[in-house]
Amino acid sequence: MKATALAHPNIALVKYWGKRDEALILPHQSSLSLTLAPMSVSTTVEFGAVSSDQVEINGHTAKGSERERVLRVLDVVRSETGGRLGPARMVSRGDFPAAAGLASSAAGFAALAVAARAAAGLPAEPKAASILARLGSGSACRSVQGGICEWRRGERADGADSYAVQRFEAGHWPELRMVVAIVNRDEKEVKSRDGMKHTVDTSPYYPAWVKDAEAEVPRAVEIIQRKDLQALGELAERNAWRMHATSLGAQPPLCYLHANTLGLIEHLREQRKKGTPVWFTLDAGPNPVLLTDAAHEVAAEALARACGAVDVVRCVPGGDAVLKSEHLF
Ligand code: PMV
C-alpha cells in the first residue's frame, strides 16, 4: 500500500499550448519534449494508514488548487481499484536548485502517478501512468518516460488516447545538452494554465499555431533521428517564437518576454555567426533554455552569464520515472 517514485522534469521542443478540454487537460495539438536530468522529484504515496487525505509538498501542507490537483489523481486511482484503498498520505520533495526556473509540476505529477499506481497494486504501465499524470498537469504526461517523448493529442472525448509515448531513449543522443538560463527570478504574473486559456479564447493566431505545431512534431522526430543539432535548434526557436506570437496576439496581449530575455536571444544569434552551435527555447516565462551539445555547454553557460543570467543549470537527457525502495516517510 506504500510506494515511492522518482521522475525528472522535461522541456518541450514543440510546445503544448492550449486545451480543447479544460477538465480532462486534453490539448489542441501534439507536443514533443526532452526529459532532463539530473533534477528530480521523489514522491511517496501510502493508502489506508491515515484517517483523512494528507498532502505535503516540499515540506509544506498543500492547500487550495495544489491539493485538489493531487487529490484528483489519487481519486482516479481509488475509483479504478473499486474504492477499497481509503485515505492517502502523499509526501513529495524536489531536489531542484531553488532558482532552477523549471516547473517542478511535470516531474511532481509524473512521480505521483507512478507512485500512486504502484501503491494501489496496479501494474507499471507507462501509458496508464502518462494519462494519470496528465490529469494533474498536461506537460507531466511527458515525464513518465525518459529521452524524447511525444504527447499525442488524441481524438477521443474521454482522453483515453491522449498520452505521451517515448520516441527515443535518453541514450539515443547523449551529447545533447539543455542549459537553463535564469535571467529573472520573479514569479510570473500569468501562469501557463491561465495564459494558454486566454490565448485560445482571444488570439486570432491560435488556429494557425495548432496546425503548424502539429506538423512540426514529425519533423522534429526526423531531425532527432539523424541528430542534426542545427536543424533541431532552428525548429525549437521557431516553435517557441510562434507560441509566444499567439499570446502577443491575444486581447489584452500577453508578453512573457523581458528585456534581458531578448538581450540573451540577440547575443545567441551573434555567437552562432561566430560558430558556436547554440539555440534557445522559451516556455511561458522570461528564462530561455539553451540547446547545445556537450562540447559547447560550458560556452553556453558563459554566454548566458555574460548576458546577466543570475543562475544557470546545465542538464543532460534524463531517464524514465522509476520506483525506489527508500520512502519519504
Ligand atoms: O503543463 P503545464 O500546464 O505546466 O503547461 C506547460 C506549457 C509550456 O511549458 C509552456 C509548454 C510545454 O509543452 O511544456
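Since we're looking at a predicted model, the values are computed, not measured.

Enquirer: What is the right way to look at the overall build of the chain in this model?
Expert: Check the secondary structure of the chain and you find eight helices and 16 strands. Its C-alpha atoms give the chain a radius of gyration of 19 Å, within 12% of the compact-globule value 20 Å for 329 residues. Each of the three principal axes of the chain carries a C-alpha extent, and together these read 60 × 40 × 35 Å. Classification of the 329 residues of the chain by burial places 54% in the buried group. In the chain, the share of contacts with a sequence separation of at least 24, taken over all contacts with a separation of at least 6, comes to 76%. With an accessible surface of roughly 13600 Å², the chain has 51% of that area assigned to carbon and sulfur atoms. Between the centroid of the 39 positive side chains of the chain and the centroid of its 38 negative side chains there is a distance of 1 Å.

Enquirer: Help me out: how do you make sense of the pattern of salt bridges in this one?
Expert: Opposite charge on two side chains permits pairing when their charged atoms draw close. Enumeration according to the criterion identifies 23 salt bridges in this entry. Residues joined in a network through salt bridges with shared partners are R177, E297, E301, R305 and R314.

Enquirer: Explain helix α4 (residues 192-202) here, please?
Expert: Since there are 3.6 residues in each turn of an α-helix, residues three or four apart along the chain are aligned in direction. Taken residue by residue, α4 has G195, M196 and T199 as its buried positions. Down the axis of α4, the sector holding all buried residues measures 95°, keeping them to one side.

Enquirer: Where do I start with the packing of helix α5 (residues 206-225) against helix α6 (residues 229-248) in this structure?
Expert: Helix-helix packing is described using two parameters, namely the angle between the two axes and the distance between the axes. Contact geometry of α5 with α6 gives a least axis separation of 10 Å together with a crossing angle of 165°. By the criterion of interaxial angle, the relationship of α5 to α6 is roughly antiparallel. Crossing hand, α5 versus α6: left-handed. Touching Y206, W209, D212, A213, E216, R219, A220, I223 and I224 of α5 are A231, L232, L235, R238, N239, R242, M243 and T246, all from α6.

Enquirer: Before we go on, may I ask you to explain helix α3 (residues 126-134) in this structure?
Expert: Regarding α3, the residues found buried are A128, A129, S130, L132, A133 and R134. For α3, the elements touching its buried residues are β4 (26-27), α1 (64-80), α2 (105-119), β10 (148-152) and β11 (163-168).

Enquirer: Please explain unusual backbone geometry as it appears in this structure.
Expert: Omega for the peptide link from A37 to P38 comes to 5°, which places this bond in the cis form. Q251 connects to P252 through a cis peptide bond whose omega is -5°. When you line up the elements, P252 lands in the loop between α6 and α7 (259-273). Here N58, not a glycine, exhibits a phi torsion of approximately 50°, which is positive. Among the structural elements, N58 can be located in the loop between β7 (54-57) and β8 (60-61). Positive phi outside glycine occurs at K227, with the angle close to 50°. With respect to the helices and strands, K227 occurs in the loop between α5 and α6.

Enquirer: Can you help me understand the nonpolar core in this one?
Expert: Among soluble globular proteins, nonpolar side chains are generally buried collectively. Of all hydrophobic cores here, the largest spans 49 residues; its most connected members are L13, W17, L32, M178, I224, L232 and L291. Among the elements that make up this core, the one with the highest residue count is α5 (nine residues). Not counting chain neighbours up to four residues away, the residues in contact with L13 comprise L32, S33, I148, M178, I224, L232, L235, A236, N239 and L291. Among the nonpolar cores identified, the runner-up in size contains 32 residues, and V70, V73, A116 and A119 belong to it.

Enquirer: Sorry if this is basic, but what is going on with the site of the ligand here?
Expert: A12, K15, Y16, W17, S137, G138, S139, R142, S192, M196, D283 and A284 make up every residue found near the ligand. In this structure, an oxygen atom belonging to the ligand sits 2.8 Å away from a main-chain N or O atom of Y16. R142 is positioned such that a nitrogen or oxygen atom in its side chain is 2.8 Å from an oxygen atom of the ligand. Protein contacts shield 92% of the accessible area of the ligand, which totals 380 Å² for the unbound molecule. Considering only residue class, the shell around the ligand consists of five nonpolar, four polar and three charged.

Enquirer: Looking at this model, I keep getting lost on the pairing of strand β1 (residues 2-7). Mind explaining?
Expert: Consecutive side chains along a regular strand alternate between the two faces of the sheet. Burial runs high along β1: five of the six residues are buried. Looking at chain direction, β1 and strand β6 (residues 41-47) are connected through six bridges and run antiparallel. What sits directly across from K2, in β6, is E46. Pairing geometry for β1 and strand β16 (residues 322-324), over three bridges, is antiparallel. Across the sheet, the residue bridging to A5 is L323, located in β16.

Definitions and limits used
- Residues numbered from 1 in each chain as written.
- Predicted model: local features only at pLDDT ≥ 70, side-chain atom pairs only at ≥ 80, totals over all residues.
- Heavy atoms only, no water.
- Helix = DSSP H or I, 4+ residues; strand = E, 2+ residues; numbered from the N terminus.
- Rg over C-alpha atoms; globule rule 2.2 N^0.38 Å.
- Buried < 20%, exposed > 50% of the residue type's maximum accessible area, 1.4 Å probe, protein only.
- Contact = heavy atoms within 4.5 Å.
- Areas by Shrake-Rupley, 256 points an atom, 1.4 Å probe, with all protein chains shown as cover.
- Lys, Arg positive; Asp, Glu negative; His and termini not counted.
- Charge placed at Lys NZ, Arg CZ, Asp CG, Glu CD.
- Salt bridge = Lys/Arg side-chain N within 4 Å of Asp/Glu carboxyl O.
- Arc of directions from axis to C-beta.
- Axes fitted to C-alpha atoms, helices over the stretch in contact; angles between N-to-C directions.
- Parallel < 35°, antiparallel > 145°, perpendicular 65-115°, else oblique.
- Left-handed = near helix turned anticlockwise from the far one by under 90°.
- Core = buried A, V, L, I, M, F, W, Y, C linked by side-chain atoms within 4.5 Å.
- Near = heavy atom within 4 Å.
- Polar contact = N/O pair within 3.5 Å; in protein donor to acceptor, adjacent residues only side chain to side chain.
- Nonpolar A, V, L, I, M, F, W, Y, C, P; charged D, E, K, R; others polar.
- Pairing = 2+ DSSP bridges.

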